[in-house]
Amino acid sequence: MSPNGFRLYWFFGVLAAIILAVALGSSSTPKRLRDRIRGTDTPLLDTLVHLFENPTEFLEAIASKVSIFSLVTWPLIIYIVFVLIRLFFSPLNVERKEGDMGYIMANGRTKMEIANEMRKRRRPGNLPPIYPNGWFSVGRSVDLKRGDVMYKSMLGLELAVYRGANDGEARILHAYCPHMGANLAVGGKVKGNCLQCPFHGWAFEGKTGKVESIPYASKIPSSAKTKHYPCLELNGIIHIWYHAEGKEPLWYPPNMEGIQSGKMSYHGKTDHIVNAHIEEIPENGADLNHLSHLHEPILFTGRDLRHTAAGIGQYVSHLWEGEWHCDEENKHIGILNLTTQISVLGITLPGEITAKAEQVGPGIVYLHIHLPFFGEALIVQTVTPLEPLLQEVQHTVFTSMPRFAAKFTLWAESVQFERDLMVWNHKTYEAKPMLLKEDHLVGKHRRWYQQFYSENSPRFQFKAKDGLEW
């Protein structure tokens, strides 16, 4: 929901609460109100219109029939009910745009001004290739309805992603029509299982890239086609396969049975933009020593690292234990096992939360979180390179837990993620970090991650005069 839509949503909700409060407050019981409505000769809608057209009469009616107590109490009760309904029945939906989180506001500048300044000033370091080989998310399944088309710029590619109107399958094409360069995703329409160009009506089949029809042509040339990309829709995510040498998929993400069978349902999502090299994000999983520092203060102390260790963070903390290793059978999978407990004034409370994060290739993580009493939640994290040093990170939660527990789990994950975000947005990549023996898993992770780069993986160069180039 957009900010404007959200404001209207709350405005009309509060307005309805006040009107209902006035009506309820002027009657001793809801039954009397119902009887009054049924017994009147004027329809209820006409009565409300009359009140709005005559605000003085409306205010006099409030003053004469509604007590201050009723005017305060009923909106409060209705508001509480409204909040509870949202808590228990609405999915969590958090969308952080670039600059929203992870920066320190100062001197009256906007968030985007500060984010752009940091991107220009920061020393990127001696970076690995910017786009590793693997499966990457182009979007969530729930966000692409049958017959929809969307434009996506990522991995140095311009893409038109659409869902067939007939078979409901997702497809990915090169965004620009080979005829005269129109963007198929901007004004293009889905016709059957084809995507029709908005300029001249050429219709492309997404699985082959071939032109199926041209409205004004008597014959379609055999060369009439555009580039299409391997597309995989799995576990609630639409993926594209990227390889610098154009090789076919070397491996596939595993099927999460709980999602595919419907035992786990969708309960919410969070979106973030990270100004960092893509490898910095999954590397966190092997950096166990940062957990006991950056993530030690209880999550209720917030996201701003300047304040998390203050206040309640001095007395209530997380205790972490974990280990990271690569899967011996599936070399493209890295596994992080974590356990956390809560400590209050140095006393460890009973009960623990366990998590298993499966890093599948460079851009997918399946995070299995087990909560006492509630069971397992599965958070699917995807990292998509929009630009060389700009990553889109999405979290989507699936579970059989009650919705409030699922939303709390995703919210807690987003708080911890946003603490890391403040570091990522300002750090440089150290190609040769000064690692201690206790940091050996970081080096192990970097060696493991090298498998996703190949000879032609694009690289990034920084030139002081020209800015960022790749």
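Data block above holds the structure.
Residues numbered from 1 in each chain as written. Predicted model: local features only at pLDDT ≥ 70, side-chain atom pairs only at ≥ 80, totals over all residues. Heavy atoms only, no water.

Here we take up the sheet that holds strand β5 (residues 170–174). With antiparallel pairing, the three strands of this open sheet are ordered in space as β3-β4-β5. Taken across any chain shown, the strands that pair with only one partner, and hence form the sheet edges, are β3 (149–154) and β5. Direction aside, neighbouring strands of the sheet carry axes that sit 30° apart on average. As paired strands, β3 and strand β4 (residues 157–163) are joined by six bridges and run antiparallel to one another. Across the sheet, Met154 pairs through a bridge with Leu157, a residue of β4. (Pairing = 2+ DSSP bridges. Helix = DSSP H or I, 4+ residues; strand = E, 2+ residues; numbered from the N terminus. Axes fitted to C-alpha atoms, helices over the stretch in contact; angles between N-to-C directions.)

What follows covers the sheet that holds strand β10 (residues 231–234). The strands making up a sheet associate through hydrogen bonds between their backbones, and the pairing can be parallel or antiparallel. One open sheet holds the three strands; their spatial order is β2-β11-β10, and the pairing between them is antiparallel. Either end of the sheet is taken by a strand with one partner, and the two such strands are β2 (134–140) and β10. Taking the axes of each pair of neighbouring strands and ignoring which way they run, one obtains an average angle of 35° across the sheet. Pairing of β2 with strand β11 (residues 237–242) involves six bridges; the strand directions are antiparallel. The residue of β11 that forms the bridge with Arg140 is Ile237.

Turning next to unusual backbone geometry. Note: most peptide bonds trans; most residues except glycine with negative phi. Here the phi dihedral of Leu155 falls at roughly 55°; this positive angle occurs in a residue that is not glycine. By the element assignment, Leu155 lies in the loop between β3 and β4. On the accessibility criterion, Leu155 (3% relative accessible area) is buried. With phi around 55°, Asn235 is a residue other than glycine that occupies positive phi space. Along the chain, Asn235 turns up in the loop between β10 and β11. (Buried < 20%, exposed > 50% of the residue type's maximum accessible area, 1.4 Å probe, protein only.)

This part covers helix α11 (residues 440–449). Counting buried positions along α11 gives seven out of 10 residues, so the element sits mostly inside the fold. Those residues of α11 not exposed but buried are Leu441, Val442, Gly443, His445, Arg446, Trp448 and Tyr449.

Side chains of Leu76, Tyr79, Ile80, Val83 and Leu84 sit close together on the surface and give an oily, nonpolar patch of about 430 Å² of accessible area. In this structure, Val83 sits in helix α5 (residues 68–89). The class for Val83 is partly exposed, based on a relative accessible area of 32%. (Patch = residues over 30% accessible without salt bridge, like charges linked within 9 Å, V, L, I, M, F, W, Y side chains within 5 Å. Areas by Shrake-Rupley, 256 points an atom, 1.4 Å probe, with all protein chains shown as cover. Salt bridge = Lys/Arg side-chain N within 4 Å of Asp/Glu carboxyl O.)

With respect to the helices and strands, Arg446 occurs in helix α11. Apart from residues no more than four positions distant in its own chain, Arg446 is found in contact with Glu279, Glu283, Tyr429, Glu430, Ala431 and Pro433. (Contact = heavy atoms within 4.5 Å.)

The next thing to look at is the pattern of salt bridges. Where charged atoms from two side chains of opposite charge approach closely, those side chains can pair. Summed over the entire model, instances satisfying the criterion amount to 13 salt bridges. In this structure, Arg96 engages Glu418 in a salt bridge whose closest nitrogen and oxygen atoms are separated by 3.0 Å. Of the two residues, Arg96 is situated in the loop between β1 (92–95) and α6 (111–121) and Glu418 in helix α10 (residues 403–424); the sequence distance between them amounts to 322 residues. Relative accessible area serves as the criterion here: at 24%, Arg96 is assigned to the partly exposed category. Classification of Glu418 by relative accessible area gives buried; the value is 1%. A salt bridge links Lys331 to Glu328, with the nearest nitrogen and oxygen atoms 3.2 Å apart. Judged by relative accessible area, which is 44%, Lys331 ranks as partly exposed. We classify Glu328 as exposed; its relative accessible area is 57%.

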